[in-house]
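Coordinate analysis (summary)
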Amino acid sequence: MIQHYNDVDQKLHQLSQVIAKFNRSFVPQKEDDSHTNLQYDIIGNRILGRWIDTSKGKVIVSLNIITLHFSVYNQKWEVVFEASVIDKTQEEIENSFLPFCNDYHLSFDTFKTPLHFEIETYSFLKNKYTALPTDGIEEWKKWRKTAFETCGLLLEHLQLKSEIRIWPHHFDTGIYVEVNSEMSFGFGLAMKDNVCEMPYFYFSAYGIHQHKMNYDNFPPLQVGCWKNLSHWKGAVLEIDQISKEKLSSFIIEVKQNYFSN
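Residues numbered from 1 in each chain as written. Predicted model: local features only at pLDDT ≥ 70, side-chain atom pairs only at ≥ 80, totals over all residues. Heavy atoms only, no water.

**Comments concerning unusual backbone geometry**
Although it is not a glycine, aspartate 33 adopts a positive phi angle of roughly 75°. With respect to the helices and strands, aspartate 33 occurs in the loop between helix 1 (2-26) and strand 1 (39-41). One non-glycine residue, glutamine 159, adopts positive backbone phi at about 55°. Structurally, glutamine 159 can be placed in the loop between helix 5 (134-158) and strand 7 (165-167). (Helix = DSSP H or I, 4+ residues; strand = E, 2+ residues; numbered from the N terminus.)

Right under this line is the structure:
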């Protein structure tokens, strides 16, 4: 089951770079790079980009995670362009947007420019896409919905505001919030990577207060564990260990440690 989940995670990550390229190319830039962010539309079973201004009005690019086709919508949510993923390579998928870019007077060369960040070079990159495993899709939907809902609950708990988005670089569903002038939090659900060999929820502190923390002195967590790595520090809870009660306990325990140090 987890292998199918990871397969879906990786393929949706790679495919979502198409949307990230549209965001990067045609959405007004933000210093934190959040203009490239994605949104998982739980109701529509799709990954969405951001609204793009064109000579024909606003449009938004989406990827249906069930049927594996890209759609471009106008503001009436009418489909103005579609491109299937099945039986195409990543390069062929990107090239299929040439007619759309020409029709909406968007620079295809700008869209095709490599992104300003690198992601893992997946073994399937040059292969033609096929249908994704159904059980993997259902698991992906379940966990991304859980991540979205938990991010919202944490924002309510802290009485703070933030967009709940997917960052195309690491493909995590997460939030970033400033608690006060000295501390910010990042929380979300990440793919398996060089932090954990299993998809995991993370909770990490940033800002001035971060530099005062000695993770080696933190008491072991009752739920999850601390990671004190050279490239990342924070708390993690792998998805094979999770129930909703455990996730809430994880959040409360990590928060208390951060505020008390």
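**Considering the environment of glycine 224**
By the secondary structure assignment, glycine 224 is in the loop between strand 10 (200-206) and strand 11 (225-228). Separated by 13 residues in sequence, glycine 224 and leucine 237 have C-alpha atoms that sit 4.4 Å apart. Ignoring anything within four residues of it in the chain, the contact list for glycine 224 reads Val236, Leu237, Gln241 and Phe250. (Contact = heavy atoms within 4.5 Å.)

**Quick look at the environment of methionine 191**
Along the polypeptide, methionine 191 turns up in the loop between strand 9 (184-190) and strand 10. Judged by its relative accessible area of 7%, methionine 191 falls in the buried class. With 126 residues separating them in the primary sequence, methionine 191 and isoleucine 65 have C-alpha atoms 17 Å apart. Not counting residues within four places of it along the chain, the set of residues in contact with methionine 191 comprises Asp9, Gln10, His13, Tyr122, Arg144, His170, Phe171, Pro199 and Tyr200. (Buried < 20%, exposed > 50% of the residue type's maximum accessible area, 1.4 Å probe, protein only.)

**What to know about the packing of aromatic side chains**
This structure, assessed with the given rule, holds 31 aromatic pairs. Centre to centre, the rings of phenylalanine 203 and tyrosine 258 are 5.9 Å apart; their planes meet at 75°, and the pair counts as edge-to-face. With phenylalanine 203 in strand 10 and tyrosine 258 in helix 6 (residues 244-259), the pair connects residues that are 55 residues apart, well separated along the chain. Since its relative accessible area comes to 0%, phenylalanine 203 is described here as buried. Overall, the relative accessible area of 0% leaves tyrosine 258 in the buried class. Through a chain of ring-to-ring contacts, the aromatic side chains of Trp143, Phe185, Phe187, Phe201, Phe203, Tyr215, Phe218, Trp226, Tyr258 and Phe259 assemble into a single cluster. The ring of phenylalanine 124 has lysine 11 lying over it, and the distance from NZ or CZ to the ring centre is 5.3 Å. Over the ring of phenylalanine 171 we find arginine 144; its NZ or CZ atom is 4.8 Å from the centre of that ring. (Phe/Tyr/Trp six-rings, centres within 6.5 Å; stacked < 30°, edge-to-face > 60°. Lys NZ or Arg CZ within 6 Å of the ring centre and 35° of its normal.)

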